[in-house]
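Structural overview for review
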Amino acid sequence: MAKAENSRIALPVGTNLDRFIMKNQEAFAYATGELSQLLRDLAYAGKVVNREINMAGLAGITGAYGAENVQGEEQQNLDVAANIRFSRALKKGGEVVAVISEEEEDIIHLNPHGKYIIAIDPLDGSSNIDVNVSIGTIFSIYRRKSEDGTQADMQDVLQPGNEQVAAGYILYGSSTMFVFTTGAGVNGFTYEPSLGEYILSHQDMTIPANGKIYSVNEGSYNSFQPEVKEYIEKCRERGHSARYIGSLVADFHRNLLKGGIYIYPATAKAPKGKLRLMYECNCLAFIAEQAGGMATDGKNSIMDIIPTELHQRVPFFVGSKEMVEEASQL
Ligand code: AHM
Ligand code: MG
C-alpha cells in the first residue's frame, strides 16, 4: 500500500470537489494547502480539456498532429493540446517543482520552491479521439526528495509508486468524471457542465473482490506468454465477458465499478508491455489498491518497482484482487 497521509472524512454525495478537498485538507498530515491547490489545478485543467474534447469534431482539432512523441507514437492534436493545458495549469499554480509527461522527452522544470512532482499522461487512449470513444487523463503526485530551491533531479522523478501521495484520473466518457485518492480511499466526482462543477457521485469506491470481465487485446493472443494464455483460457471456460475498449481509463473504470481484470502483457510487438510505469500504471495501481483491488506486472506489485527510466514500460495486470492474484500466480 502507498502511504496514507490523511484520514478519511465522509462527506455526502452531492458535495462539490472544492468543498471535499477543503474539508479533507483539515485531516492531512502535512496540511499546508498546496496539495489541495494542486488537485484543484488538475481538476480545472481537466474542465478545459473536457470542453475541447466535446467540441473536437466541430473545431477541427481531431486527427494527427503530424509529429511523434518520445515513444515513437503519432501524436494527435488533442494530445498536444491537453499536454499544454495541464502544463500551464501546473506552472501557474506554483506547487510543482517538475512534471514528467508521456508527451515530453525530458523533465519539465517548474518552480524550484515547489514541493511536488507530477507524472502525467495528459490524454490517454488517443487513438479513440476521432471516433468519439472515451479517453482519459492519468496523473500521479509525489513529494520532492531534493532540497527546496533547487531543480528537481532524477531521484525526484523516478520514485516508486508506493511513494505517491495522491493519484487520479479524469475520464472523458458519457459523463466526465474526476476520480482520485490521497491514500485514504477513492472518491469519484461527476462533472456537471451547467454548473461547471465536479460533484461527489461515487463515494468511497471499492472494487468487487472478484468479477466476470476480462479486458485484454486478444488480437495479440498468439504472442502472449503461456501463463497469460492459461489465464485467458480460464476466463473463457468460466464464461466471463471479454470487454476491451482500448482506452485504459475507460476499461479500468468499468472494471472498478463492476469487477474485472485488465491485462496488457508482454507481446511480440511490445516485449516489455506497452503501458508506461510512471504515467499510467502506478496511478491506476494506487487507485486499485485503495479501492481494495490489486496491480502487478504479472508477478510482483507494480508499486514496488523501482523505476530506472522516465518512459519505462511494464506488463500490467490490474483490477479485482482475486483475479489479479490468480493471474499473477500462474
Ligand atoms: P496511448 O498512451 O498511446 O494512448 O496508449 C495507451 C493505450 C491504452 O489506453 C490502451 O489500453 C492501450 O493503449 C491499447 O493498446 P492496444 O491498441 O495495443 O490494445
Ligand atoms: Mg497513455
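Below, the structure is looked at part by part. Note that residues are indexed from 1 along each chain, following the sequence as it is written. In the order they appear in the text, chains get letters beginning with A and ligands get numbers beginning with 1. For a predicted model such as this one, the threshold for reporting local features is a pLDDT of at least 70, and the threshold for listing and counting side-chain atom pairs is 80 or more; totals across whole chains, interfaces and linings nevertheless cover every residue. Side-chain metrics rest on all non-hydrogen atoms present in the structure, leaving aside hydrogens and water.

Only nitrogen, oxygen and sulfur atoms qualify as donors, and only when within 2.8 Å of the metal (3.2 Å in the case of Na, K and Ca); with water excluded, sites may look incomplete. Within the first shell, the magnesium ion (ligand 2) binds the protein through Glu102 (OE), Asp121 (OD), Asp124 (OD) and Glu280 (OE), at distances of 1.9 to 2.6 Å. Expressed as a motif, the donor residue spacing for the magnesium ion (ligand 2) is E-x18-D-x2-D-x155-E. Here aspartate 124, found in strand β5 (residues 116-124), pairs with glutamate 280, found in helix α7 (residues 277-290); they are 156 residues apart in sequence, far enough to count as distant. A 1.4 Å probe rolled over the protein chains alone gives each residue an accessible area, and that area as a share of the maximum for its type sets the label: buried under 20%, exposed over 50%, partly exposed in between. For aspartate 124, a relative accessible area of 7% corresponds to the buried category. Secondary structure elements are taken from DSSP: a helix is a run of H or I of four residues or more, a strand is a run of E of two residues or more, and numbering for both begins at the N terminus.

What follows deals with helix α8 (residues 321-329). Taken together, the buried positions of α8 are occupied by Met323, Val324, Ala327 and Ser328. With its buried residues spanning 125° around the axis, α8 presents them on a single face. Between two residues, a contact is recorded if the distance between any of their heavy atoms is within 4.5 Å. On its buried face, α8 is in contact with β11 (213-215), α5 (226-237), β13 (261-264), β14 (294-296) and β15 (316-319). Taking the helix axis as origin, the arc is that swept by the directions to the C-beta atoms.

For the rest of this paragraph, the subject is the nonpolar core. Residue types Ala, Val, Leu, Ile, Met, Phe, Trp, Tyr and Cys, when buried and joined through side-chain atoms within 4.5 Å, form a set referred to as a nonpolar core. If you look at the biggest cluster of nonpolar residues, it comprises 46 residues, and the most contacted ones within it are Ile100, Tyr169, Phe252, Leu284, Ile302 and Phe316. Element by element, the count of residues in this core is highest for α7, at ten residues. Start and end points for every domain follow an automatic or database-based domain assignment. Per-domain counts for this core show at least three residues from each of domain 1 (17-202) and domain 2 (213-329). Sequence-distant contacts of isoleucine 302, defined by excluding residues within four places in its chain, comprise Leu277, Cys281, Asn282, Ala285, Ala295, Thr296, Asp297, Val314, Pro315 and Phe316.

Turning our attention to the site of ligand 1. Neighbouring residues are identified by heavy atoms, a residue being near a molecule or strand if any of them is within 4 Å of it. Taken together, the neighbourhood of ligand 1 is formed by 17 residues, with Asp124, Tyr244, Leu248, Tyr262 and Tyr264 sitting nearest. Definition of a polar contact: a pair of N or O atoms within 3.5 Å, with one able to donate and the other able to accept a hydrogen when the atoms are protein atoms, and with sequence-neighbouring residues admitted only if both atoms are side-chain atoms. Taking tyrosine 262, its side chain carries an N or O atom lying 2.7 Å from an oxygen atom of ligand 1. Here an oxygen atom of ligand 1 sits 3.2 Å away from a polar atom, N or O, in the side chain of arginine 276. To measure how exposed things are, a 1.4 Å probe is used in the Shrake-Rupley method; for residues, cover is taken only from the protein chains shown. In isolation ligand 1 offers 470 Å² of accessible surface; the protein chains occlude 84% of this area. Secondary-structure elements contributing two or more residues to the shell around ligand 1 are β5 and β13. Under the scheme applied, nonpolar residues are Ala, Val, Leu, Ile, Met, Phe, Trp, Tyr, Cys and Pro; charged residues are Asp, Glu, Lys and Arg; polar residues are all the others, including Gly. Counted by class, the shell around ligand 1 contains five nonpolar, five polar and seven charged residues. Two domains each donate at least three residues to the shell around ligand 1, and these are domain 1 (17-202) and domain 2 (213-329).

Salt bridges are counted wherever a side-chain nitrogen of Lys or Arg sits within 4 Å of a carboxyl oxygen of Asp or Glu. Across all of its chains, the model carries ten salt bridges by this definition. Taking the shortest distance from any N to any O, the salt bridge between lysine 115 and glutamate 34 comes out at 2.9 Å. Here lysine 115 is found in the loop between β4 (108-109) and β5, whereas its partner glutamate 34 is found in helix α2 (residues 34-59), with 81 residues between them in sequence. Residue class for glutamate 34 comes out partly exposed when judged on its relative accessible area of 24%. Salt-bridge contacts for glutamate 52 lead to arginine 85; the nearest nitrogen and oxygen are separated by 2.4 Å. Of this pair, glutamate 52 sits in helix α2 while arginine 85 sits in helix α3 (residues 77-93), and the two are 33 residues apart along the sequence. Of the residues examined, glutamate 52 reaches a relative accessible area of 12% and is grouped as buried. Judged by its relative accessible area of 27%, arginine 85 falls in the partly exposed class. Through salt bridges that share partners, Glu102, Arg276 and Glu280 make up one connected network.

Quick look at the state of the cysteines now. The disulfide criterion used throughout: a pair of cysteine sulfur atoms within 2.5 Å. Throughout the structure, instances matching the rule amount to zero disulfides. Among the cysteines around cysteine 281, which has no disulfide bond, cysteine 283 carries the closest sulfur, lying 9.8 Å off. Look at cysteine 281 and you get buried, because its relative accessible area is 0%. Using a relative accessible area of 0% as the deciding quantity, one classes cysteine 283 as buried.

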